[in-house]
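# Summary of structural features
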Number of protein chains: 2
Amino acid sequence: MRMAALERLLVIGGDAAGMSAASQARRRRGPDDLEILVVERGHHVSYSACGIPYHVGGVVDDADSLIARTPAEFRDRDIEVRLRAEAVEIDVSGGRVRVRDLEDGTERWEPYDDLMVATGAVPARPRLPGADAEGVHGVQVLDDGITLRRIIDREAPRRAVVVGGGYIGLEMAEALVRRGLEVSLVDAADQPMRTLDPDMGALVADALRGVGVDLHLGEPVEGFDTSAGGRVTAVRTAGRTLPADLVVLGLGVRPGADLARAAGIETGPTGGIVTDRRMRTRTERVWAAGDCVETRHLVSGGPVAIALGTHANKQGRVAGINLGGGYATFPGVVGTAVSKICRVEVARTGLNEREAADAGFDALAVVVESTTRAGYYPGATPMRTKLIAERRSGRLLGGQIVGEENAAKRVDALAVALWNGMTVEEMTGLDLGYAPPFAPVWDPVLIAARKAAEAVERDMSKA
Amino acid sequence: MRMAALERLLVIGGDAAGMSAASQARRRRGPDDLEILVVERGHHVSYSACGIPYHVGGVVDDADSLIARTPAEFRDRDIEVRLRAEAVEIDVSGGRVRVRDLEDGTERWEPYDDLMVATGAVPARPRLPGADAEGVHGVQVLDDGITLRRIIDREAPRRAVVVGGGYIGLEMAEALVRRGLEVSLVDAADQPMRTLDPDMGALVADALRGVGVDLHLGEPVEGFDTSAGGRVTAVRTAGRTLPADLVVLGLGVRPGADLARAAGIETGPTGGIVTDRRMRTRTERVWAAGDCVETRHLVSGGPVAIALGTHANKQGRVAGINLGGGYATFPGVVGTAVSKICRVEVARTGLNEREAADAGFDALAVVVESTTRAGYYPGATPMRTKLIAERRSGRLLGGQIVGEENAAKRVDALAVALWNGMTVEEMTGLDLGYAPPFAPVWDPVLIAARKAAEAVERDMSKA
C-alpha cells in the first residue's frame, strides 16, 4: 500500500474559476492524494453571474437554474465547500490563509500546500454622496440578483436609473424595462458600450431608445439624493435630477486582487494578479484564475483584465489540470464579447479603433451593411460589420458586428482569424458556411474582409 | 490620346463564376481597353441556384428575387450578355469559340484574347429505363425551378418521389412537403447526406421522417415506370414500386468540363478543369472558375470538385481580378457546407471519418451533446457537435454539427480553425463569444475541442 503524503489545495472563491480548478485537480488526483477545500464568502458556488440580468428581468424565473452545481454535488466528489467563509489574509511564507466565518465572526488559519486565488472582480462604486444609500444596487454576485428581483417583486418600484452603459448596465436596463419600470440610463461617455466604436455604439443607443429607455449620455453622475430615511430618491447629473425608486450600478469592475496584493503576490498594470500561461502567480505554489487576474491580449500584446465567465472557466480548468499534475496553458484572449440588448445583437473582438491606436497600430477600418440571410430568404435582417486592419500588413486587428437575430455569433469566425494572425486578404478566401437560410452568397464577414483588403491595397498604392 | 489595343474577354456561362469574373475584370479595365462578351445558354444570368428549392417550396414566391442582376444591368456596365447562346466548341489554337443561338439554331465563331470557362456543373442522370420520361425533373438551373414550380401550381400533383439524399434532394423533399405533396425519398446509400458520418446523418433522417417524408434508404433505383403517353408513373427499386406523379432527381452533379476537355484543356482526377491558384488553366489565356473546376482540399491536400455558389463567386472574382491585371488567389477549400432541412440545421467542414481514412489520416472522433444557448435561457435547443482529429498531432481534420436554430453557422469557427491548421488542444483556448442568449459558458465548439484534446492525450498515453 502506497502512503502518499496528503497535500492540501485551498481555493479562495467558489465560482467559475475556483470550482473549475477544484474539479480538474480532483479529476487527476484522488482524495487520498489531495485534499481540496473551497472557501466562498457568498451563499452560492458555481453559478452563472452572466445570467443575473435574465433572472431580474424575468426571462429566467428560477434563480436555482443559474446554479450549475451545489456544494453538496462538490462534496460528493470530495471537494469540501465552506460557504459564508471569507479569506481575509494570505500568509504566503506560512502557507496559510486566515478565514472568517461570516455567520459567527470567528476566524481561523487554514493551511495549504497549493493556493488557488479566484477572488473574482470588484464592482466600481462611485465615491459620491449617497452612493451607499439603500436602493442603490450593484449586480455582481448571485445574491445581488436575488435581492434585486425580490425588491422588484415586492415593492413594485416605478422608476429606475441605471448608472453606466457597459454590458451589465445595458442588460439591466433591458431587464428593468421588461419588468415594467420606467428606466433612465446615465453614462459619462458619449455612447453606450464603449468597447464598440462610436459608429457601432450608436446602433445600440437606438435600440435602447426603441424600447423606451431614456438615455442621458455624456453626463457624469454627481450624486444621489436620499430621503430622510436614507433611501435613494434621485440621481443627479450636471444637467438634471432623475427621480429614482431604484438605482442599479453598472460601472464596470476591476480585478479583486486586494487580498493577493496585500500578501505580496504580484499584480500588474491592470491591477490584476500576474500569472504565467499555466496560471501560476509569481509566488511559489500560489495560482490564480478568473476575474482577479490579468492576461495577455493576443492582438495588442499587452496585459488586459477582462471579467468574463468563459475566461474564468478556461483559466480555472487550466490551473486545475496543472495542479493535478497535467499540462495545460491559457495563452491569452482576443477580446471577444457578445451581448443581446433588446432585439439587437452586439459583438466585438480584437481591438476597436481607439484601442488599436493606443496599442501603436496604424489601422484602417471598413464598415459593411449586409443581411444575416440571403436577401430573398424570409427573416433576413440587416447587420453591420466593421473590420479594423493594420495598414500595409493587412493584419486583422478587430471586428464589430451589430445586427438582429443570427448576427452576433458570426464574430467567432473573426475571433479565430485573429487568434491565428490572419490578414484580411487571406480571410477573403475563407470557406464559411453558405446556404440561403444562413447567409448571403457572400457572407458579411467575407464582404467585410474583401472591402478591408481593397482598402489596404488602395492605401498602399497611395503611399 | 492613348490608343490601347482593344482586347476581348469571352466568358462562357453567365452565373456566379462567369459574371463575377466579368464584373471584376471590368472594374479594373475600362471598355476602351477590354471588350467583354458573356454567352449563356439559359434565360437568366447571375441568379442564386441555391435558392431554387425555396422558390419551388413557396418560401420565396418571386423567382425574380433569386436574380441578383439582369443582363441589362450588366450591359450598363459595358458587359455584353447574350442569352440562349450555347458555346459548342472551343478552338484554343485559333482563339475562338463556336456559339450556337438556341433560338434560331445559327452558329458563329466568336474570337477571344482571354477565355473564361464557367460552364458550371452537370446533374447526374441515371442511365435507367424511363429516366428521361416526362415528369422526371432535374433542378440544376433556374429554368428548371421555374418549370417545376409552375407544374406544381397548375397540375397539383399528389405524390412525389425524390431520388437522391444529398443537399438538393433533401431540400427539394422539404419543399415538396411544404407544397402539400406526399413525398418519398429513395437513396442507394444507407443514410441521407453522405457528406456526414452515419451517426450525424441519422439525425437528418429523423428530421425528414418527422415532417412525413417516407424514406427508403439502401435502395438503388432500378427504373421508372411510364404511362402510354410517356409520363412517369412510378419509381422502381429492388424492394418496391413507389407511385409518382412527379419525380425529382437529386443525385448530385459533376463538373461540366466536357466542352473544355474536348478542346484539350486539362482536367483532373475529379473530372474538373485544372487551374492554378490564380484560376488559370494549363492552356494559355484560358481561365476557369466555378462548378466546372477542381480545387485543392486544404485538409486532405487532394483535388476536389465541390459545386457551391460561394466557391464559384470567389473563384470568379479571383479570375476577374487577375484578368484585370491585379493579383488574387484562391488557395482551396476546407469542405464547408451548411443546410437547413425542416427544423434541423446541418453543417460540416473538413473531412468526415471516411474521408479522413481515405486521405490516409489515422483519426479519432468525439461527439458532444450540448445546447445552442445557456441551458437556462429560453429557446436553448440541443445540438450535437462532432470533431475529428488526427492521432498524435491532434490536428483538427473536420467537424459536423446537427442541431436546431443557431446551430449550423457555428461551423464557421471550425472552418477558420481548419484553414489555419489548428490542433484541437490549441482550440480549447479559443476566445469565442459568450453570453447566455448565444451559448453555454462552455461553447459547444470548445467542449468538443476539449473532449477531442483529451481523447488525443489518452490515445497517446496508451501507445
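Just so we're clear, the structure is a prediction, and the values are computed from it rather than from any experiment.

## Here's the deal with the pairing of strand S13 (residues 221-226) of chain A
Alignment of S13 of chain A against strand S14 (residues 232-237) of chain A, held across five bridges, turns out to be antiparallel. Bridging across to S14 of chain A, Val 221 of chain A finds its partner in Thr 237 of chain A.

## Observations concerning the relation of the copies chain A and chain B
Take chain A, turn it by 180°, move it 0.0 Å along the axis, and it overlays chain B with an RMSD of 0.0 Å. Here the two chains are linked by the operation of a two-fold rotation axis. Ranked by how close their C-alpha atoms come to the rotation axis, the residues of chain A are headed by Ala 413 of chain A, at 2.4 Å.

## Examining the side chain of Ser 23 of chain A
Relative to the assigned elements, Ser 23 of chain A resides in helix H1 (residues 16-28). Discounting chain neighbours no more than four positions away, the residues touching Ser 23 of chain A are Phe 74, Arg 77 and Ile 79 of chain A.

## Some words on the UniProt feature "domain: FAD/NAD(P)-binding" (unreviewed entry) in chain A
Per the UniProt record, "domain: FAD/NAD(P)-binding" (unreviewed entry) is annotated on residues 8-313 of chain A. Here residues 8-313 of chain A is 24% helix and 29% strand, with 22 Å between the C-alpha atoms at its ends.

## Notes on helix H10 (residues 411-419) of chain B
The element H10 of chain B is largely enclosed, with a buried count of nine among its nine residues. Every buried residue of H10 of chain B is listed here: Val 411, Asp 412, Ala 413, Leu 414, Ala 415, Val 416, Ala 417, Leu 418 and Trp 419 of chain B.

## Some remarks on the interface of chain A and chain B
Listed per partner, the contact involves 61 residues of chain A and 61 residues of chain B. Overall, the association of chain A and chain B removes approximately 5,500 Å² of surface from exposure, summing both partners, and the carbon and sulfur fraction of that is 60%. Area buried by chain A at its contact with chain B is led by Tyr 376, Asp 431 and Phe 438 of chain A, which between them contribute 14% of it. Taken together, the links from chain A to chain B amount to eight salt bridges. Linking Lys 409 of chain B and Asp 443 of chain A is a salt bridge whose minimum nitrogen-to-oxygen distance equals 2.5 Å. One can count 18 residue pairs in polar contact (both at pLDDT 80 or more) joining chain A with chain B. Contributing elements (two or more residues each) for the side of chain A that touches chain B: H1, helix H8 (309-323), strand S21 (337-341), helix H10 (411-419) and helix H12 (444-462) of chain A.

## Describing the UniProt feature "domain: Pyridine nucleotide-disulphide oxidoreductase dimerisation" (unreviewed entry) in chain A
Under the UniProt annotation, "domain: Pyridine nucleotide-disulphide oxidoreductase dimerisation" (unreviewed entry) lies at residues 340-440 of chain A. In the segment residues 340-440 of chain A, helix accounts for 19% and strand for 35%; the C-alpha atoms at its two ends are 22 Å apart.

## Brief notes about helix H5 (residues 167-178) of chain B
Residues and elements named next belong to chain B. Compared with an ideal rise of 1.5 Å per residue, which puts 12 residues at 16 Å, H5 spans 17 Å between its outermost C-alpha atoms and is within 8% of the ideal. Three or more residues of H5 are buried, namely Tyr 167, Gly 169, Leu 170, Glu 171, Met 172, Ala 173, Glu 174, Ala 175 and Leu 176. Phi turns positive one or two residues past the end of H5, at Gly 180, with a value near 90°.

## So, the packing of aromatic side chains
With the rule as written, the count across this model stands at two aromatic pairs over all chains. Taken together, a centroid distance of 5.1 Å and an interplanar angle of 85° make the contact between Tyr 54 of chain A and Tyr 377 of chain B edge-to-face. Here Tyr 54 of chain A, found in helix H2 (residues 52-56), pairs with Tyr 377 of chain B, found in the loop between strand S23 (363-371) and strand S24 (382-390), and the two come from separate chains. Of note, Arg 450 of chain A hangs over the ring of Trp 442 of chain A, and the distance from its end group to the ring centre comes to 4.4 Å. When the ring centre of Trp 109 of chain B is taken as reference, the NZ or CZ atom of Arg 96 of chain B above it lies at 3.8 Å.

## Let's talk about the pairing of strand S11 (residues 182-187) of chain A
All names here are of chain A. Within S11, five of the six residues are buried, which leaves the element mostly enclosed by the surrounding structure. Each parallel crossover has a hand, and for strand S10 (residues 159-163) linked through helix H5 (residues 167-178) to S11 it is right-handed. For S11 and strand S12 (residues 214-217), the ladder comprises four bridges, and the chain directions are parallel. If you follow Leu 185 over to S12, its bridge partner there is Leu 215. Crossover connection from S11 via helix H6 (residues 198-210) to parallel S12: handedness right-handed.

Criteria and thresholds
- The residue numbers shown here count from 1 along each chain, following its written sequence.
- Starting at A for chains and at 1 for ligands, labels are handed out in the order in which the entities are written.
- Predicted model: local features are reported for residues with pLDDT of at least 70 only, side-chain atom pairs are reported and counted for 80 or more only, and whole-chain, interface and lining totals are derived from all residues.
- Excluding hydrogens and water, the side-chain values take into account all heavy atoms of the structure.
- DSSP bridges decide pairing: two strands pair if at least two such bridges lie between them.
- Numbering of helices and strands runs from the N terminus, with a helix taken as a DSSP run of H or I at least four residues long and a strand as a DSSP run of E at least two residues long.
- A least-squares fit on C-alpha atoms brings the copies together, and the residues used are those whose pLDDT is at least 70 in both copies.
- Residue contacts follow a heavy-atom distance rule, with two residues in contact if any of their heavy atoms lie within 4.5 Å.
- UniProt positions are given in the numbering used here, feature names are shortened, and annotations may be inferred rather than shown by experiment.
- When a residue's accessible area, from a 1.4 Å probe over protein chains only, is under 20% of the maximum for its type it is buried; when over 50% it is exposed; and in between it is partly exposed.
- The buried area of a pairing is the accessible area, by a 1.4 Å probe, that goes missing from both parts when the two are put together, added over both.
- In what follows, salt bridge is the name for a side-chain nitrogen of Lys or Arg lying within 4 Å of a carboxyl oxygen of Asp or Glu.
- Any N or O atom pair separated by 3.5 Å or less is treated as a polar contact, with the protein-specific requirement of one donor-capable and one acceptor-capable atom, and with residues adjacent in sequence counted only for side-chain atom pairs.
- Expected helix span is computed as 1.5 Å times (number of residues minus one).
- When the centres of two rings from Phe, Tyr and Trp lie within 6.5 Å, Trp using its six-membered ring, the rings pair. Their planes under 30 degrees apart give stacked, over 60 give edge-to-face, and anything left gives tilted.
- For a lysine, the NZ atom is tested; for an arginine, the CZ atom; a charge sits over a ring if that atom is within 6 Å of the ring centre and within 35 degrees of the ring normal.
- Crossover handedness is defined by viewing with both strands directed away from the observer: a clockwise path from the first strand over the helix to the second marks the crossover as right-handed.

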